[in-house]
Amino acid sequence: MTLSTILAMFMLRRKRRPFPPGPRGLPILGNIQDFTCGFEWIRFGTSMKHHFGDVLGFRILRNTIVVLNSAKAARDLLDKRGHLYSSRPVLTVVGELMGLDRSMPLLPYGSEWRKCRKLEHIALNATAVKQYRPMLEHFSAMLALDILGDPDNFYELTRLCASRIILSVTYGLSARVTDSEYITLAEDTMRIVTSSIRPGAYLCDLIPIMKYLPGWVPFQREARHGRNMIERFVYTPFERAKEAIAMGSAGPSLTRDLLTSIPADSLTTEIEERIKWTTGALLIMTTAGGESTFGTLAVFMIAMAVNRDKQIRAQEEIDSVIGAERLPNIPDRGRLPYVDALIQEVMRWHPILPLSITRRADAEDEYEGYVIPKDTIVSPNLWAIAMEPNPKYPPEQFIPERFLDKEYPTPNPTTWAFGFGRRICPGKTLAEESVFVLISTLLATLDIQAPPEGLVPKFESRAVCLPKRFNCVFKARSLDKFELLRGAAAL
Ligand code: HEM
């Protein structure tokens with residue numbers, strides 16, 4: 001066989017490698033309807049998974065998208081081949097035109113992302129996060145007390161609490177300041193970001209050359225407005241925190257840790273800008289994603305209202321381990337295995353980021369006999385991972401006991417709900433500690449019940465898949481618990 005024959009056979013074999021299978025799309029537009037039909041992760045993880053398997057392929061115009069329907073596929077690509085799959089898709093409108101591409105979650109995999117990630121590690125490693133524990137305990141008691149004082153507004157109060165936590169942790173701002181000055185700005189900005197970030201939100205993301213269209217075109221006007229909002233959102237609390245640090249009146253915060261980790265004479269404008277966008281990224285991720293903390297709490301409340309037996313078992317555990325003299329705190333976690341299992345089940349039963357945050361393939365790759373072209377958008381389907389079958393425990397039911405059963409093990413959601421590999425959520429420890437102390441304080445002090453008309457959980461079909469506003473009944477478990485809350489919230 002001559003060299004040219006071998007080469008020709010090799011080229012032919014290369015050509016034959018198929019793109020992963022998936023549903024047929026429309027002419028030219030391709031599979032756009034599969035990403036705009038609502039709750040697409042459920043169809044990807046059920047009928048399409050049965051038909052096509054764990055690796056699904058889609059095309060929209062000239063863009064290729066791969067959805068990974070199993071933990072194995074997600075780990076094989078996003079963990080083990082992290083050098084290929086750690087970039088993010090280029091989002092022309094929200095990234096380039098609105099300017100969010102300066103923030104870490106949208107940065108391509110490379111040196112600027114690595115520098116930001118290093119800063120985040122300084123601020124969010126397990127030891128650094130310990131300094132926020134008293135604050136988290138204080139906010140948890142405040143939330144329980146606020147809900148008892150105004151139970152009809154529990155949904156809004158829970159969202160406010162998640163925002164207060166993140167503004168305090170990021171900038172050291174007190175609840176009084178954050179409530180009056182930043183929460184509305186944060187919510188308005190996030191409304192723009194979350195609606196713009198969804199695949200297919202703007203045609204310009206699919207046909208980037210459209211970014212050169214004149215300024216009066218509607219999406220350009222929206223992009224300008226978005227850019228102004230994002231800059232105000234990122235710069236205003238940063239400047240406020242900087243002033244407080246200079247005056248010596250700042251409490252602990254990520255901004256303080258980062259600004260003081262660098263000697264004053266080395267703090268160049270470039271480094272300050274990087275810190276500003278690193279803290280801004282946390283703010284954005286946890287307000288868009290701090291929707292993730294809020295969403296996890298809202299799912300918890302629904303799960304408790306419709307599964308009273310599980311709530312009572314968790315309360316009994318807290319009563320017997322912690323007693324009546326104090327509220328649970330973060331170091332109690334290891335002594336409350338049922339509460340821990342219940343929190344894992346909240347995260348598994350309804351993942352808040354069902355399609356995680358998408359990645360981009362930096363080069364062509366091959367997996368399970370399929371070719372994944374360069375620049376393919378890759379999305380792990382966390383919903384499908386949560387619903388992986390178990391012979392004993394039906395995945396759609398809320399059963400915390402599944403995490404205590406060694407014979408029929410269920411993987412801990414903290415191994416997938418925060419993402420994979422090099423871009424795994426840097427706020428994981430802070431999120432886990434916040435969620436634990438908030439949930440265990442609510443369980444210790446409140447009874448959560450479905451309203452007399454019943455409760456059927458409904459969810460928003462958005463990238464951050466939150467429960468829709470629902471009704472719930474909250475009662476103090478006892479006068480003593482109420483007094484404990486008052487004491488802790490007043491500290
Ligand atoms: C229950 C709460 C949370 C959940 C479920 C969650 C989940 C996630 C997921 C799935 C990703 C994508 C990771 C990937 O690409 O594989 C992510 C990224 C990220 N998260 Fe979280 N998160 C939560 C809370 C937080 C908190 C509290 C912070 C900050 C303090 C945070 C900051 C970030 C940032 C900055 C990224 C982008 C990382 C990068 O692009 O390198 N998250 N998160």
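The chain goes by Cytochrome P450 in an unreviewed UniProt entry, where it is assigned to Phanerochaete carnosa. Turning to the chain, the UniProt record has this under Subcellular location (unreviewed entry): "Membrane". On record in UniProt, under Pathway (unreviewed entry), the comment for the chain is "Secondary metabolite biosynthesis."

Q: What is the right way to read the overall build of the chain from this model?
A: Helix and strand content of the chain: 22 helices and eight strands. Relative to the globule expectation of 23 Å for 491 residues, the C-alpha radius of gyration of the chain, 24 Å, shows essentially globular dimensions. Viewed in the frame of its principal axes, the chain has a C-alpha envelope of about 85 × 60 × 40 Å. Within the chain, buried positions represent 53% of all 491 residues. Nonlocal contacts in the chain, meaning residues at least 24 apart in sequence, comprise 75% of its contacts between residues at least 6 apart.

Q: Teacher, can you tell me more about the coordination of the iron atom of the ligand here?
A: As a benchmark, a tetrahedral metal site with four donors has ideal angles of 109.5 degrees, while an octahedral site with six donors has ideal angles of 90 or 180 degrees. In this structure, the iron atom of the ligand receives exactly one donor atom from the protein: Cys-425 (SG), at 2.3 Å. Relative to the helices and strands, Cys-425 resides in the loop between helix H20 (382–386) and helix H21 (428–445).

Q: Just checking my understanding: could you explain unusual backbone geometry for this structure?
A: A negative phi holds for most residues other than glycine; trans holds for most peptide bonds. The phi torsion at Leu-61 lies on the positive side, around 50°, for a residue other than glycine. Structurally, the position occupied by Leu-61 is in the loop between strand E1 (55–60) and strand E2 (63–68). Backbone geometry at Glu-368 places phi at a positive 50°, although glycine is not the residue there. With respect to the element layout, Glu-368 can be found in the loop between strand E4 (365–367) and strand E5 (370–372).

Q: Looking at this structure, I do not really get the pattern of salt bridges. What am I missing?
A: Pairs can form between side chains of opposite charge whenever their charged atoms are close. Across all of its chains, the model carries 38 salt bridges by this definition. Where Glu-401 meets Lys-310, a salt bridge forms, and the shortest distance between an N and an O atom there is 3.4 Å. Within this pair, whereas Glu-401 is found in the loop between H20 and H21, its partner Lys-310 is found in helix H18 (residues 308–322), the two being separated by 91 residues in sequence. Residue class for Lys-310 comes out buried when judged on its relative accessible area of 13%. A salt bridge links Arg-326 to Asp-332, with the shortest nitrogen-to-oxygen separation between them at 3.0 Å. What makes Arg-326 partly exposed here is its relative accessible area of 31%. Judged by relative accessible area, Asp-332 falls into the buried class, the value being 3%. It is possible to trace a salt-bridge network through shared partners that takes in Lys-72, Asp-76, Lys-80 and Glu-368.

Q: Even after reading the chapter, I still don't get the sheet that holds strand E3 (residues 359–360), so can you show me in this structure?
A: Picture the strands of a sheet paired through backbone hydrogen bonds; they go either parallel or antiparallel. On the basis of which strands lie adjacent, the open sheet formed by four strands has the order E1-E2-E6-E3 and mixed pairing. Each edge of the sheet is formed by a strand with only one pairing partner; in this case those strands are E1 and E3. Here E1 runs beside E2; their pairing, made up of six bridges, is antiparallel. By the bridge assignment for E2, Leu-56 is matched with Val-67.

Q: Explain the packing of aromatic side chains here, please?
A: For any two aromatic rings, the description comes down to two numbers: the centre-to-centre distance and the angle of the planes. As enumerated under the stated definition, the model contains twelve aromatic pairs in all. Note on Tyr-155 and Phe-294: the rings are 5.1 Å apart at their centroids and 90° apart in plane angle, and the pair reads as edge-to-face. Note that Tyr-155 is positioned in helix H10 (residues 154–171) and Phe-294 in helix H17 (residues 291–306), a separation of 139 residues in sequence. As far as the burial class goes, Tyr-155 and Phe-294 line up, both buried. By the ring-pair criterion, three or more aromatic residues cluster together here, those being Phe-154, Tyr-155, Phe-294, Phe-470 and Phe-474. Directly above the ring of Phe-19 sits Arg-59, whose terminal nitrogen or CZ lies 4.5 Å from the centroid. Across from the ring centre of Tyr-235, 4.5 Å away, lies the NZ or CZ of Lys-276, which sits over that ring.

Q: So what exactly am I meant to see when it comes to a nonpolar patch on the surface here?
A: Judged by side-chain polarity, Leu-203, Ile-207, Ile-209 and Tyr-212 come together as a nonpolar surface patch covering roughly 450 Å² of accessible area. Mapped onto the elements, Leu-203 comes out in helix H13 (residues 203–206). Classification of Leu-203 by relative accessible area gives partly exposed; the value is 47%.

Q: Just to check I follow, could you spell out helix H7 (residues 111–124) for this structure?
A: Side chains three or four residues apart in an α-helix point the same way, a direct result of the helix having 3.6 residues per turn. Over its 14 residues, H7 runs 20 Å from end to end, which matches the ideal 20 Å to within 8%, given 1.5 Å per residue. Taken together, the buried positions of H7 are occupied by Trp-113, Cys-116, Arg-117, Leu-119, Glu-120, Ala-123 and Leu-124. Projected onto a plane normal to the axis of H7, the buried residues spread over an arc of 160° and lie on a single side. In H7, the exposed positions angled more than 90 degrees off the buried face are occupied by Lys-118 and His-121.

Q: For this particular structure, what's the right way to read the side chain of Thr-296?
A: Within the secondary structure layout, Thr-296 lies in helix H17. Within the local environment of Thr-296, its side chain forms a polar contact with the backbone oxygen of Ser-292, the two atoms lying 2.6 Å apart.

Q: How should the nonpolar core be read in this particular structure?
A: Nonpolar side chains in soluble globular proteins generally cluster together in the buried interior. By size, the foremost hydrophobic cluster in this structure holds 121 residues, and its most contacted members are Phe-300, Met-301 and Phe-470. Counting residues per element, this core draws most heavily on H10, at eleven residues. Counting residues in hydrophobic clusters, the runner-up holds 20 residues, among them Ala-71, Tyr-85, Tyr-367 and Phe-420.

Q: Could you clarify how one ought to interpret the environment of Leu-254 in this entry?
A: Within the secondary structure layout, Leu-254 lies in helix H15 (residues 254–260). Look at Leu-254 and you get buried, because its relative accessible area is 2%. Sequence spacing of Leu-254 and Gln-220 is 34 residues, and the spatial spacing of their C-alpha atoms is 34 Å. Aside from chain neighbours lying at most four places away, what touches Leu-254 is Ala-123, Leu-124, Tyr-132, Val-169, Thr-170 and Leu-282.

Calculation notes
Residues numbered from 1 in each chain as written. Predicted model: local features only at pLDDT ≥ 70, side-chain atom pairs only at ≥ 80, totals over all residues. Heavy atoms only, no water. UniProt positions renumbered as here; feature names shortened; annotations may be inferred. Helix = DSSP H or I, 4+ residues; strand = E, 2+ residues; numbered from the N terminus. Rg over C-alpha atoms; globule rule 2.2 N^0.38 Å. Buried < 20%, exposed > 50% of the residue type's maximum accessible area, 1.4 Å probe, protein only. Contact = heavy atoms within 4.5 Å. Donors = N, O, S within 2.8 Å, 3.2 Å for Na, K, Ca; no water. Salt bridge = Lys/Arg side-chain N within 4 Å of Asp/Glu carboxyl O. Pairing = 2+ DSSP bridges. Phe/Tyr/Trp six-rings, centres within 6.5 Å; stacked < 30°, edge-to-face > 60°. Lys NZ or Arg CZ within 6 Å of the ring centre and 35° of its normal. Patch = residues over 30% accessible without salt bridge, like charges linked within 9 Å, V, L, I, M, F, W, Y side chains within 5 Å. Areas by Shrake-Rupley, 256 points an atom, 1.4 Å probe, with all protein chains shown as cover. Expected span 1.5 Å × (residues − 1). Arc of directions from axis to C-beta. Polar contact = N/O pair within 3.5 Å; in protein donor to acceptor, adjacent residues only side chain to side chain. Core = buried A, V, L, I, M, F, W, Y, C linked by side-chain atoms within 4.5 Å.

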